[in-house]
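# Working through the structure, step by step
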Amino acid sequence: MISMRGVNKTFRTDTVETTALKDLDLDIQAKEFVALVGPSGSGKSTFMNIAGLLENVDAGTYLFEGTDVSSMKDRERSRFRNEKIGFVFQAFNLIPELNVFDNIDVPLRYRGLGKSERRRRIEEVASKVGLIGRLKHHPSQLSGGQQQRVAIARALAGDPNLLLADEPTGNLDSAMADSVMQLLLDLHQEGSTVVMVTHDPTLANRAERQVFIKDGMIDPSAEVTQFAD
């Protein structure tokens, strides 16, 4: 699904130049569950942003299902991202003024889907994440774990080929974190491709494969426990 070769990304200010990724090579197969692990500043978030087409590469190639997305224009990238990729963030990123139904509905509206089709998808994913009875609730009425389930439902509603989860349990207590992790594992068992950034070695070890990043490069010799906070 993902094939990166020689990917480089550098961020520059007037006085500082920071290399986030350096000659990174990585393949991720369809239906894999990959945990991306590394110390702070290792390039994990930059990798996720590039994988999710939120950032472009400075050099190298990125193929998504055989399509070279590294050379796409902004509008084409936005359309491709909306149709192919779902995002789950540590901070949930829900809109407080909207209820659960409408939060899940936001990316579907951008797709131009009809009302009945959007409702079908929303009810389907809400049921899948165990929130079918909470569709009229607002984020402030939900626990942290429930809010993250809404975020996962929002990502799934677009039927993405790839689910990117950036520290999805970082703001949750251990019980809620385990519940969210189990949901991601269940989705993987159903055929979803999941790439998850985590600092938690226990969660990383539950993934199908661990990929270690250090200083912007893949480190094949690292152990997951090295990067525990």
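The paragraphs below set out a description of the structure included in this document. In this text, all values refer to a predicted model and were calculated from it rather than measured experimentally.

## A closer look at the overall build of the protein chain
From N to C terminus, the protein chain includes seven helices and 10 strands. For a compact globule of 229 residues, the expected C-alpha radius of gyration is about 17 Å, and the protein chain comes in at 18 Å, within 12% of that figure. When the backbone C-alpha atoms are referred to their principal axes, the protein chain occupies close to 45 × 40 × 35 Å. Residues classed as buried in the protein chain amount to 48% of the 229 residues present. Computed over 27 positive and 32 negative side-chain charges, the inter-centroid distance for the protein chain is 7 Å.

## Here we look at empty space enclosed by the protein
What the rule picks out here adds up to one cavity of 30 Å³ or more. Among the secondary structure elements, those contributing two or more residues to the lining of the largest cavity are helix 1 (44-51), strand 6 (85-89) and strand 7 (162-166). In terms of residue class, the lining of the largest cavity is built from six nonpolar, one polar and one charged.

## Observations regarding the sheet that holds strand 7
Spatially, six strands are ordered 6-7-8-3-9-10 in an open sheet, and the strand pairing comes out mixed. With one partner strand each, in any of the chains shown, strand 6 and strand 10 (217-218) form the two edges of the open sheet. Note that strand 3 (residues 33-37) and strand 9 (residues 209-214) share four bridges and pair parallel. In the strand pairing of strand 9, Val34 is matched with Arg209.

About the cut-offs
Residues numbered from 1 in each chain as written. Predicted model: local features only at pLDDT ≥ 70, side-chain atom pairs only at ≥ 80, totals over all residues. Heavy atoms only, no water. Helix = DSSP H or I, 4+ residues; strand = E, 2+ residues; numbered from the N terminus. Rg over C-alpha atoms; globule rule 2.2 N^0.38 Å. Buried < 20%, exposed > 50% of the residue type's maximum accessible area, 1.4 Å probe, protein only. Lys, Arg positive; Asp, Glu negative; His and termini not counted. Charge placed at Lys NZ, Arg CZ, Asp CG, Glu CD. 1 Å grid on protein atoms, 1.4 Å probe; cavity = no way out; pocket = protein on both sides within 12 Å on 5 of 7 lines; lining within 4 Å. Points joined across faces, edges and corners; volume = space filled by probe spheres on them. Nonpolar A, V, L, I, M, F, W, Y, C, P; charged D, E, K, R; others polar. Pairing = 2+ DSSP bridges.

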